[in-house]
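Residues per chain, in single letters:
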Amino acid sequence: MNKFKVAIDGPAGSGKSTIAKEIAKIFNLYYLDSGALYRAFGYYLKKHGFDLHNENDIINALKSFDIKIIDGDYYLFDEKLDFQIRTPEIGKAASIVAKNPHVREKVNNILRKIAKNNGVVIDGRDIGTVVLPDAEIKIFLTASIKERAERRYKELIEKGENVKFEDILKDIEKRDKADSTRKIAPLKPADDAIIVDTTGKDIKTVVNEIKNIIVSKMNME
Ligand code: DC
(Lines give C-alpha, C1' and ligand atoms only; values in the text may rest on other atoms or scores of the structure.)
Protein backbone atom coordinates (compact mmCIF):
# COMPACT_ATOMS: atom_id res chain seq x y z
CA MET A 1 0.00 0.00 0.00
CA ASN A 2 1.20 3.51 -0.83
CA LYS A 3 1.60 5.92 2.07
CA PHE A 4 0.70 9.35 0.69
CA LYS A 5 -2.53 11.27 1.24
CA VAL A 6 -4.86 12.62 -1.41
CA ALA A 7 -7.57 15.17 -0.54
CA ILE A 8 -10.39 15.51 -3.06
CA ASP A 9 -12.80 18.34 -2.28
CA GLY A 10 -15.64 19.89 -4.20
CA PRO A 11 -19.34 20.67 -4.24
CA ALA A 12 -22.22 18.17 -4.40
CA GLY A 13 -22.36 16.34 -7.72
CA SER A 14 -18.83 17.23 -8.83
CA GLY A 15 -18.05 13.51 -9.14
CA LYS A 16 -15.84 13.36 -6.07
CA SER A 17 -16.74 9.94 -4.74
CA THR A 18 -16.63 8.06 -8.05
CA ILE A 19 -13.32 9.67 -8.94
CA ALA A 20 -11.82 9.29 -5.47
CA LYS A 21 -12.66 5.57 -5.46
CA GLU A 22 -10.94 5.08 -8.84
CA ILE A 23 -7.86 6.98 -7.70
CA ALA A 24 -7.69 4.86 -4.54
CA LYS A 25 -7.80 1.70 -6.66
CA ILE A 26 -5.08 2.87 -9.06
CA PHE A 27 -2.64 3.88 -6.33
CA ASN A 28 -3.61 1.24 -3.77
CA LEU A 29 -4.81 3.73 -1.17
CA TYR A 30 -7.57 3.50 1.45
CA TYR A 31 -10.71 5.34 0.29
CA LEU A 32 -12.75 7.37 2.79
CA ASP A 33 -15.99 9.20 2.07
CA SER A 34 -16.27 11.98 4.67
CA GLY A 35 -19.75 13.00 3.44
CA ALA A 36 -20.97 9.50 4.33
CA LEU A 37 -20.00 10.16 7.96
CA TYR A 38 -22.04 13.40 8.09
CA ARG A 39 -24.88 11.59 6.35
CA ALA A 40 -24.64 8.69 8.82
CA PHE A 41 -24.87 11.08 11.76
CA GLY A 42 -27.84 12.93 10.23
CA TYR A 43 -29.52 9.57 9.64
CA TYR A 44 -28.81 8.48 13.22
CA LEU A 45 -30.39 11.66 14.64
CA LYS A 46 -33.51 11.28 12.51
CA LYS A 47 -33.83 7.57 13.21
CA HIS A 48 -33.77 8.11 16.96
CA GLY A 49 -35.99 11.18 16.99
CA PHE A 50 -33.29 13.70 17.92
CA ASP A 51 -33.73 17.31 16.81
CA LEU A 52 -31.16 18.24 14.13
CA HIS A 53 -31.25 21.87 15.21
CA ASN A 54 -30.90 21.30 18.93
CA GLU A 55 -27.35 21.57 20.31
CA ASN A 56 -28.11 19.37 23.37
CA ASP A 57 -29.64 16.67 21.21
CA ILE A 58 -26.58 16.73 18.97
CA ILE A 59 -24.18 16.48 21.89
CA ASN A 60 -26.16 13.63 23.44
CA ALA A 61 -26.40 11.76 20.16
CA LEU A 62 -22.65 12.14 19.60
CA LYS A 63 -22.01 10.25 22.85
CA SER A 64 -23.67 7.12 21.54
CA PHE A 65 -22.93 7.50 17.82
CA ASP A 66 -20.47 4.93 16.60
CA ILE A 67 -19.49 4.08 13.09
CA LYS A 68 -17.38 1.18 11.91
CA ILE A 69 -15.74 0.97 8.53
CA ILE A 70 -15.22 -2.60 7.37
CA ASP A 71 -13.88 -3.34 3.86
CA GLY A 72 -15.03 0.05 2.67
CA ASP A 73 -18.56 -0.38 4.03
CA TYR A 74 -19.95 1.85 6.78
CA TYR A 75 -21.83 0.32 9.68
CA LEU A 76 -23.98 2.13 12.22
CA PHE A 77 -23.78 -0.50 14.95
CA ASP A 78 -25.03 -3.58 13.02
CA GLU A 79 -26.77 -1.67 10.25
CA LYS A 80 -24.91 -1.50 6.96
CA LEU A 81 -25.38 1.99 5.52
CA ASP A 82 -26.13 2.25 1.85
CA PHE A 83 -29.13 3.70 0.00
CA GLN A 84 -30.74 4.90 3.25
CA ILE A 85 -28.12 7.66 3.66
CA ARG A 86 -28.17 8.66 -0.03
CA THR A 87 -31.61 10.28 -0.12
CA PRO A 88 -32.03 14.07 -0.62
CA GLU A 89 -33.59 14.20 2.86
CA ILE A 90 -30.49 12.77 4.53
CA GLY A 91 -28.29 15.00 2.33
CA LYS A 92 -30.09 17.97 3.80
CA ALA A 93 -29.77 16.60 7.33
CA ALA A 94 -26.02 16.06 6.76
CA SER A 95 -25.62 19.65 5.61
CA ILE A 96 -27.35 20.88 8.79
CA VAL A 97 -25.35 18.77 11.24
CA ALA A 98 -22.11 19.55 9.37
CA LYS A 99 -22.37 23.12 10.70
CA ASN A 100 -21.85 21.90 14.25
CA PRO A 101 -18.22 22.05 15.49
CA HIS A 102 -18.64 19.00 17.78
CA VAL A 103 -19.88 16.93 14.87
CA ARG A 104 -17.01 18.10 12.69
CA GLU A 105 -14.51 17.24 15.42
CA LYS A 106 -15.92 13.72 15.72
CA VAL A 107 -15.82 13.15 11.95
CA ASN A 108 -12.33 14.66 11.64
CA ASN A 109 -11.02 12.41 14.41
CA ILE A 110 -12.37 9.29 12.69
CA LEU A 111 -10.76 10.34 9.40
CA ARG A 112 -7.41 11.40 10.85
CA LYS A 113 -7.07 8.21 12.89
CA ILE A 114 -7.26 6.14 9.71
CA ALA A 115 -5.07 8.55 7.73
CA LYS A 116 -2.39 8.34 10.40
CA ASN A 117 -1.58 4.73 9.59
CA ASN A 118 -2.64 4.43 5.95
CA GLY A 119 -2.20 6.04 2.60
CA VAL A 120 -5.63 7.52 1.89
CA VAL A 121 -7.86 9.24 -0.60
CA ILE A 122 -10.52 11.22 1.27
CA ASP A 123 -13.28 13.13 -0.44
CA GLY A 124 -15.27 15.95 1.10
CA ARG A 125 -15.47 19.71 1.46
CA ASP A 126 -12.66 20.59 3.85
CA ILE A 127 -10.19 17.74 3.51
CA GLY A 128 -7.41 19.84 1.96
CA THR A 129 -8.08 22.87 4.17
CA VAL A 130 -8.84 21.36 7.60
CA VAL A 131 -8.73 17.57 7.88
CA LEU A 132 -5.45 16.87 6.10
CA PRO A 133 -3.67 20.20 5.58
CA ASP A 134 -0.46 18.18 5.07
CA ALA A 135 -1.88 15.99 2.26
CA GLU A 136 0.69 15.57 -0.52
CA ILE A 137 -2.02 15.96 -3.17
CA LYS A 138 -4.98 18.31 -3.00
CA ILE A 139 -7.56 18.35 -5.76
CA PHE A 140 -10.59 20.62 -5.91
CA LEU A 141 -13.22 19.38 -8.36
CA THR A 142 -15.74 21.73 -9.92
CA ALA A 143 -18.45 21.46 -12.59
CA SER A 144 -21.28 23.71 -13.71
CA ILE A 145 -24.31 23.58 -11.43
CA LYS A 146 -26.53 22.33 -14.28
CA GLU A 147 -24.24 19.43 -15.01
CA ARG A 148 -23.93 18.52 -11.35
CA ALA A 149 -27.71 18.49 -10.98
CA GLU A 150 -28.03 16.33 -14.11
CA ARG A 151 -25.53 13.81 -12.72
CA ARG A 152 -27.27 13.61 -9.34
CA TYR A 153 -30.68 13.31 -11.02
CA LYS A 154 -29.51 10.44 -13.23
CA GLU A 155 -27.91 8.68 -10.28
CA LEU A 156 -31.13 8.84 -8.20
CA ILE A 157 -33.38 7.80 -11.11
CA GLU A 158 -31.12 4.81 -11.76
CA LYS A 159 -31.53 3.86 -8.10
CA GLY A 160 -35.30 3.94 -8.58
CA GLU A 161 -35.93 7.14 -6.60
CA ASN A 162 -38.92 9.22 -7.60
CA VAL A 163 -37.37 12.70 -7.99
CA LYS A 164 -37.85 15.81 -10.16
CA PHE A 165 -34.93 17.52 -11.92
CA GLU A 166 -36.01 21.00 -10.75
CA ASP A 167 -36.02 19.83 -7.14
CA ILE A 168 -32.53 18.37 -7.44
CA LEU A 169 -31.25 21.59 -9.03
CA LYS A 170 -32.75 23.71 -6.25
CA ASP A 171 -31.43 21.29 -3.66
CA ILE A 172 -27.88 21.52 -5.03
CA GLU A 173 -28.07 25.33 -5.19
CA LYS A 174 -29.18 25.44 -1.57
CA ARG A 175 -26.53 22.98 -0.46
CA ASP A 176 -23.75 24.86 -2.33
CA LYS A 177 -24.79 28.03 -0.56
CA ALA A 178 -25.02 26.38 2.88
CA ASP A 179 -21.71 24.53 2.47
CA SER A 180 -19.71 27.47 1.14
CA THR A 181 -21.05 30.21 3.41
CA ARG A 182 -20.98 28.43 6.76
CA LYS A 183 -18.54 29.83 9.32
CA ILE A 184 -16.78 26.59 10.15
CA ALA A 185 -14.78 24.69 7.52
CA PRO A 186 -16.60 26.13 4.49
CA LEU A 187 -16.32 24.54 1.07
CA LYS A 188 -13.33 26.18 -0.58
CA PRO A 189 -10.14 25.11 -2.31
CA ALA A 190 -6.95 25.01 -0.22
CA ASP A 191 -4.35 27.56 -1.37
CA ASP A 192 -2.22 24.72 -2.68
CA ALA A 193 -5.09 22.74 -4.29
CA ILE A 194 -5.18 22.01 -8.01
CA ILE A 195 -8.56 22.94 -9.47
CA VAL A 196 -9.96 20.39 -11.92
CA ASP A 197 -13.08 21.43 -13.85
CA THR A 198 -15.05 18.31 -14.80
CA THR A 199 -17.76 20.02 -16.88
CA GLY A 200 -18.24 18.08 -20.13
CA LYS A 201 -15.65 15.47 -19.18
CA ASP A 202 -16.35 11.80 -18.51
CA ILE A 203 -15.07 10.00 -15.42
CA LYS A 204 -12.23 8.31 -17.32
CA THR A 205 -10.85 11.65 -18.55
CA VAL A 206 -10.93 13.21 -15.09
CA VAL A 207 -9.40 10.15 -13.43
CA ASN A 208 -6.58 10.24 -15.99
CA GLU A 209 -5.99 13.94 -15.39
CA ILE A 210 -5.70 13.38 -11.64
CA LYS A 211 -3.62 10.26 -12.11
CA ASN A 212 -1.11 12.31 -14.13
CA ILE A 213 -1.04 15.03 -11.46
CA ILE A 214 -0.24 12.42 -8.79
CA VAL A 215 2.37 10.59 -10.85
CA SER A 216 4.24 13.80 -11.59
CA LYS A 217 3.91 15.24 -8.07
CA MET A 218 5.03 12.02 -6.38
CA ASN A 219 7.83 11.45 -8.94
CA MET A 220 6.41 8.04 -9.74
CA GLU A 221 7.37 7.94 -13.40
O1 DC B 1 -20.65 14.83 -0.26
P2 DC B 1 -21.99 14.56 0.36
O3 DC B 1 -23.14 15.09 -0.48
O4 DC B 1 -22.19 13.12 0.72
O5 DC B 1 -22.01 15.39 1.74
C6 DC B 1 -23.14 15.50 2.55
C7 DC B 1 -23.09 16.79 3.36
O8 DC B 1 -22.05 16.68 4.33
C9 DC B 1 -22.81 18.05 2.57
O10 DC B 1 -23.95 18.86 2.43
C11 DC B 1 -21.81 18.82 3.36
C12 DC B 1 -21.35 17.90 4.43
N13 DC B 1 -19.91 17.64 4.36
C14 DC B 1 -19.07 18.53 5.01
O15 DC B 1 -19.52 19.52 5.55
N16 DC B 1 -17.73 18.30 5.04
C17 DC B 1 -17.22 17.22 4.43
N18 DC B 1 -15.89 17.01 4.49
C19 DC B 1 -18.06 16.32 3.73
C20 DC B 1 -19.41 16.57 3.71
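Now for a look at the structure at hand.

Calculation notes
Residues numbered from 1 in each chain as written. Predicted model: local features only at pLDDT ≥ 70, side-chain atom pairs only at ≥ 80, totals over all residues. Heavy atoms only, no water. Patch = residues over 30% accessible without salt bridge, like charges linked within 9 Å, V, L, I, M, F, W, Y side chains within 5 Å. Areas by Shrake-Rupley, 256 points an atom, 1.4 Å probe, with all protein chains shown as cover. Salt bridge = Lys/Arg side-chain N within 4 Å of Asp/Glu carboxyl O. Lys, Arg positive; Asp, Glu negative; His and termini not counted. Charge placed at Lys NZ, Arg CZ, Asp CG, Glu CD. Helix = DSSP H or I, 4+ residues; strand = E, 2+ residues; numbered from the N terminus. Pairing = 2+ DSSP bridges. Axes fitted to C-alpha atoms, helices over the stretch in contact; angles between N-to-C directions. Contact = heavy atoms within 4.5 Å. Core = buried A, V, L, I, M, F, W, Y, C linked by side-chain atoms within 4.5 Å. Buried < 20%, exposed > 50% of the residue type's maximum accessible area, 1.4 Å probe, protein only.

On to a positive patch on the surface. Where like charges cluster on the molecular surface, the positive patch consists of Lys92, Lys164, Lys170 and Lys174. For Lys170, the position within the fold is in helix H8 (residues 165-181).

Overall, antiparallel pairing links the three strands, which are arranged E3-E4-E5 in an open sheet. One side of each edge strand has no neighbouring strand; the edge strands of this open sheet are strand E3 (67-70) and strand E5 (79-81). Strand after strand, the sheet turns through a mean of 35° between neighbouring axes, direction not considered. Along the sheet, helix H2 (residues 34-47) makes contact with E3, strand E4 (73-76) and E5, crossing E4 at roughly 25°.

The tendency in soluble globular proteins is for nonpolar side chains to be buried side by side. Ranked by size, the top nonpolar core spans 37 residues in total, and within it Leu32, Phe41, Tyr74, Leu81, Leu111 and Leu132 carry the most contacts. Contributing elements (two or more residues each) for this core: H2, helix H3 (55-64), E3, E4, helix H4 (88-97), helix H5 (101-117), strand E6 (120-124) and helix H6 (127-131). At eight residues, H2 tops the list of elements feeding residues into this core. Each residue touching Tyr74, except ones within four places of it in the same chain, is listed here: Tyr31, Leu32, Asp33, Ala36, Leu37, Ile67, Lys68, Ile69, Glu79, Lys80 and Leu81. In this structure, Leu141, Val196, Val206 and Ile210 belong to the second largest nonpolar core, which totals 21 residues.

Here we come to the side chain of Ser14. Among the structural elements, Ser14 can be located in the loop between strand E1 (5-9) and helix H1 (16-27). Taking the relative accessible area as the measure of exposure, Ser14 reaches 1% and is therefore buried. With residues up to four places along the chain from it excluded, the contact list for Ser14 reads Ile19, Leu141, Arg148, Arg151 and Thr198.

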